Amino acid sequence: METKEILSRVDHTLLKPFAAWEDIQRLCEEALEYGMASVCVPPCYVGRIRSAYGERIPICTVVGFPLGYSTAEAKLAEIKQALEDGADEVDTVVNITDVKNGDFDKVEEEIRVLKQAAGDRVLKVIIETCYLTGDEKKAMCKAVTEAGADYIKTSTGFGTAGAAMEDILLFKENIGSQVKIKAAGGIRSRADMEAFIEAGCDRIGTSSAVSIIKGEGKG
């Protein structure tokens, strides 16, 4: 697989709580240089990136991150602010407590409300697979599909485990045809990125794409 094709699917990510502006600038410059799909950054940097880089770079940010258990109203306020600041894409975490309680209709309705707020902007839904059973994952595939979200995403990268191939295969069997897949968390090699893309992932979330491609480390 060509390097350019791999990098064009990467959401170049920096979500560490101590990320300084100079780190964000470096992320943006790398994303531009390598033709990445977007930069995925903390909400507080969205407006500053838009001011500094204009429309040259797609901006992704996060909502309800990383734990997911803020209220739907709080997430709605977050997504509205992110879009107002200039975000093109939003990755939101489902309310995992609702999932564990079996309240799948509530989760679906929350996703639906957030997608309505996002409009034609991209909404990716993080279900945090490491905490879910197989049946819960299938229920989330249904909820994401029925609510009209654009992507289902494996992980925040802050949980107990990241993307697993078995989950990608489960997603493919259970999501609707309009839903795309993003793998994130624990992707540490070029081989990993290629395997996830070949398995059907449209996006890869990683903070290490440049060092991986250059062979400078495993991220």
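About the criteria used
Residues numbered from 1 in each chain as written. Predicted model: local features only at pLDDT ≥ 70, side-chain atom pairs only at ≥ 80, totals over all residues. Heavy atoms only, no water. Helix = DSSP H or I, 4+ residues; strand = E, 2+ residues; numbered from the N terminus. Buried < 20%, exposed > 50% of the residue type's maximum accessible area, 1.4 Å probe, protein only. Contact = heavy atoms within 4.5 Å. Polar contact = N/O pair within 3.5 Å; in protein donor to acceptor, adjacent residues only side chain to side chain. Core = buried A, V, L, I, M, F, W, Y, C linked by side-chain atoms within 4.5 Å. 1 Å grid on protein atoms, 1.4 Å probe; cavity = no way out; pocket = protein on both sides within 12 Å on 5 of 7 lines; lining within 4 Å. Points joined across faces, edges and corners; volume = space filled by probe spheres on them. Nonpolar A, V, L, I, M, F, W, Y, C, P; charged D, E, K, R; others polar. Axes fitted to C-alpha atoms, helices over the stretch in contact; angles between N-to-C directions. Left-handed = near helix turned anticlockwise from the far one by under 90°. Phe/Tyr/Trp six-rings, centres within 6.5 Å; stacked < 30°, edge-to-face > 60°. Lys NZ or Arg CZ within 6 Å of the ring centre and 35° of its normal.

Q: Would you take a moment to explain the environment of Asp-120 for this structure?
A: Mapped onto the secondary structure, Asp-120 falls in the loop between α6 (104–118) and β5 (122–126). Its relative accessible area of 72% is what places Asp-120 among the exposed residues. For the pair Asp-120 and Asp-88, spaced 32 residues apart in sequence, the C-alpha to C-alpha distance is 9.0 Å.

Q: How do you make sense of the side chain of Lys-75 when you look at a structure like this?
A: Structurally, Lys-75 can be placed in helix α4 (residues 72–85). Beyond its immediate stretch of four places on either side in the chain, Lys-75 contacts Val-63, Gly-64, Gly-68, Ser-70, Thr-92, Val-93, Val-94, Asn-95, Glu-110 and Leu-114.

Q: I'm lost on the side chain of Asn-95 in this one. Help?
A: Along the chain, Asn-95 falls in the loop between β4 (89–93) and α5 (96–100). Here the side chain of Asn-95 touches Thr-97 through a polar contact of 2.3 Å, side chain to side chain. Excluding residues within four positions of it along the chain, Asn-95 makes contact with Gly-68, Tyr-69, Ser-70, Lys-75, Val-107 and Glu-110.

Q: Just to check I follow, could you spell out unusual backbone geometry for this structure?
A: It is generally the case that most residues other than glycine have a negative phi and that most peptide bonds are trans. Phe-65 connects to Pro-66 through a cis peptide bond whose omega is 0°. With respect to the element layout, Pro-66 can be found in the loop between β3 (59–63) and α4. Located in the positive-phi region is Glu-128, a residue other than glycine, with phi close to 55°. Under the relative-accessibility criterion, Glu-128 is labelled buried at 2%.

Q: Help me understand the nonpolar core, please; the structure alone is not making it clear to me.
A: Soluble globular proteins: nonpolar side chains tend toward being buried together. Within the largest apolar cluster, 64 residues are counted, with the highest numbers of intra-cluster contacts made by Ile-24, Ile-49, Val-94, Ile-111, Met-140, Ile-152 and Ile-204. If you tally residues by element for this core, the top one is helix α7 (residues 134–147), at 6 residues.

Q: In this structure, what is going on with the layout of surface pockets? I would like to understand it.
A: Using a probe with the size of a water molecule, rolled over the atoms, empty space left in the structure can be pinpointed. Approximately 530 Å³ is the volume attributed to the largest pocket. What lines the largest pocket is a set of 27 residues, and nearest its centre among them are Thr-156, Gly-157, Gly-185, Gly-186 and Ser-207. Elements supplying a minimum of two residues to the lining of the largest pocket: β7 (180–184) and β8 (203–206). Split by residue class, the lining of the largest pocket holds 8 nonpolar, 14 polar and 5 charged. Its volume calculated, the second largest pocket comes out at about 230 Å³.

Q: Help me out: how do you make sense of the packing of α6 against α7 in this one?
A: Across the interface, α6 lies against α7 with an axial gap of 8 Å and an inter-helix angle of 35°. Crossing hand, α6 versus α7: right-handed. For the pair α6 and α7, the contacting residues are Phe-104, Val-107, Glu-108, Ile-111, Arg-112 and Lys-115 in the first and Glu-136, Ala-139, Met-140, Lys-142, Ala-143, Val-144, Glu-146 and Ala-147 in the second. Residue classes in the contact of α6 with α7 are distributed as 8 nonpolar, no polar and 6 charged.

Q: Looking at this structure, I do not really get the packing of aromatic side chains. What am I missing?
A: In this structure the tally under the stated criterion is 2 aromatic pairs. Taken together, a centroid distance of 5.9 Å and an interplanar angle of 25° make the contact between Trp-21 and Tyr-45 stacked. With a gap of 24 residues between them, Trp-21 in helix α2 (residues 21–34) and Tyr-45 in the loop between β2 (38–41) and α3 (46–53) connect regions that are remote in the sequence. Tyr-45 carries the same exposure label as Trp-21, and that label is buried. Measuring from centroid to centroid gives 5.3 Å for Phe-65 and Phe-158, while their planes differ by 85°, and the two rings are edge-to-face. In this pair, Phe-65 sits in the loop between β3 and α4 while Phe-158 sits in the loop between β6 (151–153) and α8 (165–174), placing the two residues 93 residues apart along the sequence. According to the relative accessible area criterion, Phe-158 is partly exposed, its value standing at 44%. Over the aromatic face of Tyr-151 sits the side chain of Lys-124, whose NZ or CZ is 5.8 Å from the ring centroid.

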